[in-house]
Amino acid sequence: MNNASVNSGFAAILESALNNPDSFLEKIRPALTPISDAKFDALAGVLETGGVVDRQLVARVFIEHTGKEGAAYLTAKIDIKRPKLFLEAAVILGTLKYEPALEPLRSALSGSAPELVLPAVKAIAMLPASRSVDGTLVDFYLTCTDETKLAASIRYLLARHENIVPEMLEKYRGLNADRRMWVLKFLCETANPESTKLFSEELDTEPLERGLYAVRGLGKIASEKAVEVLKKHLHNPEWFLRKRIVEALGMTGKAGAVEPLLTMLGDDSVQVRAAAAESLSKVGGLQPELLIKKLEQADKTTKINLVRVMGQLKNEQFIKPLVEVLKDREALFFSIDAIGDSGFAQAEFSLRRLLKDDVWFNRLNALEALSKLHIAELEQIAVEAAQDENDMVRHSAARILAALKSGNNKKS
């Protein structure tokens, strides 16, 4: 049988197999052997002109069944003048991590075929680590003028950051101001500790410009050294920078961030105070004794913020100090809410006493907080509260009883 007949037969098998996607691989696998350029041509034709499902099926053949032979064929064929084939081949070659494809893939980075730039970057970023591969990615990032593509490329470069970051740091000082901003934007997403020194320097020299990226980067690096750098700038006169720093301290997840965050609960800016409370709700549990000590000495605003934080942290150590705060009428609403959020049944007695409070709003909040504690006597408490003189309290009791009844019905 001549080659023309073999190839014609393969084309027929391929067409038939594509008409039955569920059994495609079963039909096409036996026909692949022996492989030939003509068979590759038929498969590549589908990649270039076929529908979505057909292209996916053929791509799977290249990835799973043709190995280096298929990768070598595609490497020889991809051309930015054949964009549809380039797009499909780039995915396959990247998945196969076929390093010889670097040169033809790199041809798309010039931007002459804009739609191929990002697929090429993605594929190159999937190739095995080497100086040429990493150098290609760095050169692209330092020279690309299309900011949209530059921003989108970051997610592909992140996987290579361990190799890319040292090279970017080495070239950083030779870049113009705009390109430095782009490098910082990438570095702050990597959480690579090698960037700590640069971030510290930028915070010292350009705190309100490049330093803003540095703050985020330090938060993501999340090391004790990063915490120390951030602490140095906590009292910058610009509130929005203080707010960013406070947020970054919360990102670090480090115990060393707790004490500086506590000091920021007294900041002049309400935005900074709110950010400090939010960050403490992430890291405050690492040093609960510091929060308790601060609560004992706090002014009204700081006390309210700390009470809220303690409720969110759900730490049993906070129950006693929160119960003490119930004696402070100015912070009563917040402490009731926090005790309920904490979910610890030990606070039941203190909350039940408030069901007799002269202020109906306090009775309502105490009842709602008790409903969050999962205590055995909740039904009896709600039955008694259903007789309260205030209709809001009665309605709350009715909701609690209905929820308890619904829960019991589901169990039965």
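Residues numbered from 1 in each chain as written. Predicted model: local features only at pLDDT ≥ 70, side-chain atom pairs only at ≥ 80, totals over all residues. Heavy atoms only, no water.

(A) Region of interest: the overall build of the protein. Of regular secondary structure, the protein possesses 25 helices and zero strands. Its C-alpha atoms give the protein a radius of gyration of 32 Å, more than 25% over the compact-globule value 22 Å for 412 residues. A fraction of 62% describes how many contacts in the protein between residues 6 or more apart in sequence connect residues 24 or more apart. Put simply, the protein shows about 20500 Å² of open surface, and 51% of that area lies on carbon and sulfur atoms. Of note, the protein has its 54 positive side-chain charges centred 1 Å away from the centre of its 56 negative side-chain charges. (Helix = DSSP H or I, 4+ residues; strand = E, 2+ residues; numbered from the N terminus. Rg over C-alpha atoms; globule rule 2.2 N^0.38 Å. Contact = heavy atoms within 4.5 Å. Areas by Shrake-Rupley, 256 points an atom, 1.4 Å probe, with all protein chains shown as cover. Lys, Arg positive; Asp, Glu negative; His and termini not counted. Charge placed at Lys NZ, Arg CZ, Asp CG, Glu CD.)

(B) Geometry of the packing of helix α2 (residues 24-31) against helix α4 (residues 52-77). Two elements in contact, α2 and α4, have axes whose closest approach is 11 Å; the angle formed by their N-to-C orientations is 50°. The angle between α2 and α4 falls in the class oblique. In the packing of α2 onto α4, the handedness of the crossing is right-handed. Residue-level inspection shows Phe24, Leu25, Ile28 and Arg29 of α2 in contact with α4, the latter providing Leu57, Val58, Arg60, Val61 and His65. (Axes fitted to C-alpha atoms, helices over the stretch in contact; angles between N-to-C directions. Parallel < 35°, antiparallel > 145°, perpendicular 65-115°, else oblique. Left-handed = near helix turned anticlockwise from the far one by under 90°.)

(C) The side chain of Thr196, seen in detail. Tracing the backbone shows Thr196 in helix α12 (residues 196-205). Within the local environment of Thr196, its side chain forms a polar contact with the backbone oxygen of Pro193, the two atoms lying 2.8 Å apart. Here Thr196 is in contact with Leu218, Ile221 and Lys225, once residues within four sequence places are set aside. (Polar contact = N/O pair within 3.5 Å; in protein donor to acceptor, adjacent residues only side chain to side chain.)

(D) Here's a closer look at α4. End to end, α4 covers just 20 Å across 26 residues, shorter than the expected 38 Å (1.5 Å per residue, more than 12% under). Most pronounced at Thr66, the bend in α4 amounts to some 130°. Among the residues of α4, those classed as buried are Leu57, Val58, Ala59, Val61, Phe62, Thr66, Gly70, Ala71, Tyr73, Leu74 and Thr75. (Expected span 1.5 Å × (residues − 1). Bend = angle between axes of the 7 residues up to and from the residue. Buried < 20%, exposed > 50% of the residue type's maximum accessible area, 1.4 Å probe, protein only.)

(E) Molecular detail of unusual backbone geometry. Residue Thr33 is joined to Pro34 through a cis peptide bond whose omega torsion reads -5°. Among the secondary structure elements, Pro34 is positioned in the loop between α2 and α3 (37-49). A positive phi angle is found at Lys314, which is not glycine, with a value near 55°. For Lys314, the location among the structural elements is in the loop between α19 (300-313) and α20 (319-325). On the basis of relative accessible area, Lys314 is assigned to the partly exposed category, the value being 47%. Backbone geometry places His374, a non-glycine residue, at a positive phi of 55°. As for its position among the elements, His374 is in the loop between α23 (360-370) and α24 (378-385). With relative accessibility at 71%, the residue His374 sits in the exposed group.

(F) Quick look at the packing of helix α8 (residues 131-143) against helix α9 (residues 147-157). Two numbers describe how α8 lies on α9: the axes approach to 10 Å, and their chain directions differ by 155°. Classified by the angle their axes make, α8 and α9 are roughly antiparallel. When the axes of α8 and α9 are compared, the crossing they make is left-handed. Where α8 approaches α9, its residues Leu137, Phe140 and Tyr141 are matched on the opposing element by Leu150, Ser153, Ile154 and Leu157. In terms of residue class, the contact of α8 with α9 is built from six nonpolar, one polar and no charged. (Nonpolar A, V, L, I, M, F, W, Y, C, P; charged D, E, K, R; others polar.)

(G) Inspection of the packing of aromatic side chains at higher detail. Taken as a whole and judged by the stated rule, the model has seven aromatic pairs. Ring plane angle 15° and centroid distance 5.7 Å describe the contact between Phe40 and Phe62, whose orientation is recorded as stacked. On the criterion of sequence distance, the pair formed by Phe40 in helix α3 and Phe62 in helix α4 is long-range, its members being 22 residues apart. Residue classification places Phe40 among the buried residues on the basis of a relative accessible area of 3%. (Phe/Tyr/Trp six-rings, centres within 6.5 Å; stacked < 30°, edge-to-face > 60°.)

(H) Broad picture of the nonpolar core. Counting 138 residues, the largest nonpolar core has Phe24 and Leu291 as the members making the most contacts within it. When residues no more than four places from it in sequence are discounted, the contact partners of Leu291 are Val258, Leu262, Leu280, Gly284, Leu306, Val309, Met310, Leu313 and Phe318. (Core = buried A, V, L, I, M, F, W, Y, C linked by side-chain atoms within 4.5 Å.)

(I) Examining the environment of Ile304 more closely. Tracing the backbone shows Ile304 in helix α19. Separated by 63 residues in sequence, Ile304 and Leu241 place their C-alpha atoms 24 Å apart. Contacts of Ile304, omitting those with residues within four sequence positions, involve Ala331 and Phe334.

(J) Summary view of the environment of Val383. Considering the arrangement of structural elements, one finds Val383 in helix α24. Its relative accessible area of 36% is what places Val383 among the partly exposed residues. The sequence separation of Val383 and Ser36 amounts to 347 residues, and the corresponding C-alpha distance is 83 Å.

(K) Main features of the side chain of Ser350. Here Ser350 lies in helix α22 (residues 348-353). Judged by its relative accessible area of 10%, Ser350 is buried. With residues near it in sequence (within four places) discarded, Ser350 still touches Val323 and Leu326.

(L) Seen up close, a nonpolar patch on the surface. Taken together, the side chains of Phe333, Val359, Trp360, Phe361 and Met392 make up a nonpolar region of the molecular surface, amounting to roughly 430 Å² of accessible area. The topology assignment puts Phe361 in helix α23. (Patch = residues over 30% accessible without salt bridge, like charges linked within 9 Å, V, L, I, M, F, W, Y side chains within 5 Å. Salt bridge = Lys/Arg side-chain N within 4 Å of Asp/Glu carboxyl O.)

(M) Focus on the environment of Leu47. Along the polypeptide, Leu47 turns up in helix α3. Look at Leu47 and you get buried, because its relative accessible area is 0%. Between the alpha carbons of Leu47 and Pro119 there is a distance of 15 Å; along the sequence they are 72 residues apart. Leu47 has contacts with Arg55, Val58, Ala59, Phe62, Leu74, Lys84, Leu85, Glu88 and Ile92, leaving out every residue within four places of it along the chain.

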